[in-house]
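One letter stands for each residue in the lines below.
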Amino acid sequence: MAESFRVYKGATLVVEGDSPLSITGVAPNTAVANGDYQATRVVDGNESVKVDIPAFTTLPITVTGVTLTPKTSSAESGTAGSRQLAAAVAPADATNKAVTYSIAPSTTGLSVSGTGLIEWDDTVVDGVYTTTVTTTDGSKTDTHVLTLTTP
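This write-up is about the structure you can find in this document. Computed from a prediction, not measured in an experiment: that's the story for all the values here.

Once that is clear, we can look at the overall build of the chain. Secondary structure summary: the chain contains 0 helices and 16 strands in total. In terms of C-alpha radius of gyration, the chain reaches 26 Å, well past the compact-globule figure of 15 Å for 151 residues. By its C-alpha atoms, the chain is 85 × 25 × 20 Å across when sized along the principal axes. Counting the 151 residues in the chain, one finds 26% classified as buried. Surface exposure of the chain reaches about 8,700 Å², of which carbon and sulfur atoms provide 54%.

See the structure below:
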């Protein structure tokens, strides 16, 4: 007895074959209502009546990594300055590309913004300061090292 399945969206056949079947072409992290798709069972060429597929949400595209550029920079201490960092989340079509930034060691006059802008004033002393970017999805990290030296 040959058995297969068909999935429809309205009158349009979306996919057919052996179980399990995958519905393609629906955006990630999308809620699909009960009955938007129907399924049938086909046995020896005879197709059953259509039954509604229950509501479901498609899977998100998860973050696999993050890359921070530039990786290093240097400047003179005793003068105010800034560096703009850029975070590239992978894959490029990840559903949640949100990131946060932190800098260590924590020092008065030194900060990093939510957009990756490192700023320091003339009171920040010589040292090595590490900025870490962390993805909200998956807690993937990368770092940038800022070295401040005496002129």
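So, on to the nonpolar core. Grouped together as the largest cluster of nonpolar side chains are 18 residues, with contacts concentrated most on Leu110, Ile118, Trp120, Tyr129 and Leu148. Of all the secondary structure elements, the ones that give two or more residues to this core are strand E8 (65-69), strand E12 (99-104), strand E13 (110-112), strand E14 (117-120), strand E15 (127-135) and strand E16 (141-149).

Turning next to the pattern of salt bridges. One pass over the full model with this rule turns up 4 salt bridges. Close ionic contact of Arg41 with Glu3 constitutes a salt bridge, the shortest N to O distance being 2.5 Å. Here Arg41 is found in strand E4 (residues 38-43), whereas its partner Glu3 is found in strand E1 (residues 3-9), with 38 residues between them in sequence. Take Arg41: its relative accessible area is 40%, and that puts it in the partly exposed class. Between Glu16 and Arg6 there is a salt bridge, with its nearest N and O atoms 3.0 Å apart.

Spatially, 4 strands are ordered E9-E16-E15-E12 in an open sheet, and the strand pairing comes out mixed. At either end of the open sheet lies a strand with only one pairing partner, and these are strand E9 (72-76) and E12. For this sheet, the mean angle separating the axes of adjacent strands, direction not counted, is 20°. Inspection of the sheet shows E9 paired to E16 by 5 bridges, in the parallel sense. Bridged to Ala75 within E16 is Leu148.

What follows deals with the side chain of Ser4. Topologically, Ser4 is positioned in strand E1. Apart from residues no more than four positions distant in its own chain, Ser4 is found in contact with Gly17, Asp18, Thr40, Arg41 and Val42.

Okay, the sheet that holds E14 next. Read from one edge of the open sheet, 3 strands run E10-E14-E13, paired in antiparallel fashion. Of all the strands in the sheet, the pair left with one neighbour each is strand E10 (81-84) and E13. Direction aside, the axes of adjacent strands within the sheet are offset by 10° on average.

We now examine the side chain of Gln38. Turning to its location among the elements, Gln38 is positioned in strand E4. At 3.4 Å, the side chain of Gln38 forms a polar contact with the backbone nitrogen of Gly10. Setting aside chain neighbours within four positions, we find Gln38 in contact with Arg6, Val7, Tyr8, Lys9, Gly10, Lys50, Val51, Asp52 and Ile53.

Here we take up the packing of aromatic side chains. In the structure shown here, the tally under the stated rule is 1 aromatic pair. Between Tyr37 and Phe56, the ring centres sit 6.3 Å apart and the planes meet at 40°, which makes this aromatic pair tilted. Here the residue Tyr37 occupies a position in the loop between strand E3 (31-32) and E4, and Phe56 occupies one in strand E7 (residues 56-57), the gap between them amounting to 19 residues. We classify Phe56 as partly exposed; its relative accessible area is 27%. Its end group placed over the ring of Tyr37, Lys9 keeps NZ or CZ at 4.8 Å from the ring centre.

Criteria and cut-off values
Residues numbered from 1 in each chain as written. Predicted model: local features only at pLDDT ≥ 70, side-chain atom pairs only at ≥ 80, totals over all residues. Heavy atoms only, no water. Helix = DSSP H or I, 4+ residues; strand = E, 2+ residues; numbered from the N terminus. Rg over C-alpha atoms; globule rule 2.2 N^0.38 Å. Buried < 20%, exposed > 50% of the residue type's maximum accessible area, 1.4 Å probe, protein only. Areas by Shrake-Rupley, 256 points an atom, 1.4 Å probe, with all protein chains shown as cover. Core = buried A, V, L, I, M, F, W, Y, C linked by side-chain atoms within 4.5 Å. Salt bridge = Lys/Arg side-chain N within 4 Å of Asp/Glu carboxyl O. Pairing = 2+ DSSP bridges. Axes fitted to C-alpha atoms, helices over the stretch in contact; angles between N-to-C directions. Contact = heavy atoms within 4.5 Å. Polar contact = N/O pair within 3.5 Å; in protein donor to acceptor, adjacent residues only side chain to side chain. Phe/Tyr/Trp six-rings, centres within 6.5 Å; stacked < 30°, edge-to-face > 60°. Lys NZ or Arg CZ within 6 Å of the ring centre and 35° of its normal.

Shape descriptors only; they carry no functional weight alone.
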